[in-house]
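Chain by chain, the residues:
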Amino acid sequence: MSAGHPDHALAGRIEQGIHRLDLRIYWEDTDAGGIVYHAGYVRFMERGRTDFLRLAGIRQSELAAGPDGILFAVRHMELDFLKPARLDDLLQVTTAVEEIAGARLVMRQAVHRSGETLVAARVTVAAISPEGRPRRIPMPIRAALSGGDPPAASG
């Protein structure tokens, strides 16, 4: 997929190695008091990680269906809830790679409102086979996530 692909407009942007995804809080994201339910932040961060990979040229559906069959699974999350988000807030999810080693990818994520951090997270993702066994992260993916050349886009 080329950088000018239409769904890239929905996928946020990468600036100096940090992925930024803007989103709005809707009623479905909140509890009865209009405050974002804690599990909502996990969904927002999943979107951030997925769109970061997409903009780096890594399509998870193609990776899973490919000859090596690699899936990414969250292995560990540390979340620090600092301040609440509310109905109608405009938020930004940031994602950055902290470490790539073997089958492990560690990412720093945060959810911000007007530059203020609401939630900070450290997420460890494991590359696994469809059977659930660890798989070393291939060099083209490592390069793409480290700011090198992205993997070749497929048709």
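Presented here is a report on the structure given in the accompanying data block. (Residues numbered from 1 in each chain as written. Predicted model: local features only at pLDDT ≥ 70, side-chain atom pairs only at ≥ 80, totals over all residues. Heavy atoms only, no water.)

Within the chain, the secondary structure is distributed over three helices and six strands. N-terminal to C-terminal, the α/β element order of the chain is β-β-α-α-β-β-β-β-α. Buried positions account for 37% of the 155 residues belonging to the chain. By sequence separation, contacts in the chain at least 24 residues apart represent 64% of the contacts at least 6 residues apart. As presented, the chain carries roughly 8,600 Å² of accessible surface, and 53% of it is formed by carbon and sulfur atoms. (Helix = DSSP H or I, 4+ residues; strand = E, 2+ residues; numbered from the N terminus. Buried < 20%, exposed > 50% of the residue type's maximum accessible area, 1.4 Å probe, protein only. Contact = heavy atoms within 4.5 Å. Areas by Shrake-Rupley, 256 points an atom, 1.4 Å probe, with all protein chains shown as cover.)

Taken as a whole, this structure holds 13 salt bridges when the rule is applied. In this structure, Arg-13 and Asp-22 form a salt bridge, with 3.3 Å as the shortest nitrogen-oxygen distance. Accessibility expressed as a relative area gives 32% for Arg-13, which makes it partly exposed. Of the charged contacts, one joins Glu-116 and Lys-83 as a salt bridge, the two residues approaching to 2.5 Å between their closest N and O atoms. In this pair, Glu-116 sits in strand E6 (residues 116-128) while Lys-83 sits in the loop between strand E3 (71-81) and strand E4 (90-101), placing the two residues 33 residues apart along the sequence. A residue is classified by how much of its surface remains accessible, and Lys-83, at 41% relative accessible area, is partly exposed. If you follow the salt bridges from partner to partner, you end up with Arg-13, Glu-15, Arg-20 and Asp-22 in one network. (Salt bridge = Lys/Arg side-chain N within 4 Å of Asp/Glu carboxyl O.)

Further remarks concern the sheet that holds E4. The strand order E1-E2-E4-E5-E6-E3 describes an open sheet built from six strands, whose pairing is antiparallel. Of all strands in the sheet, those with a lone pairing partner are strand E1 (13-15) and E3, marking the two edges. Going from strand to strand, the sheet's axes swing by 25° on average, the running direction of each strand aside. (Pairing = 2+ DSSP bridges. Axes fitted to C-alpha atoms, helices over the stretch in contact; angles between N-to-C directions.)

Residues Tyr-41, Phe-44, Ile-58, Phe-72, Leu-91 and Leu-145 are the most contacted members of the largest nonpolar core, which totals 31 residues. Element by element, the count of residues in this core is highest for E6, at six residues. (Core = buried A, V, L, I, M, F, W, Y, C linked by side-chain atoms within 4.5 Å.)

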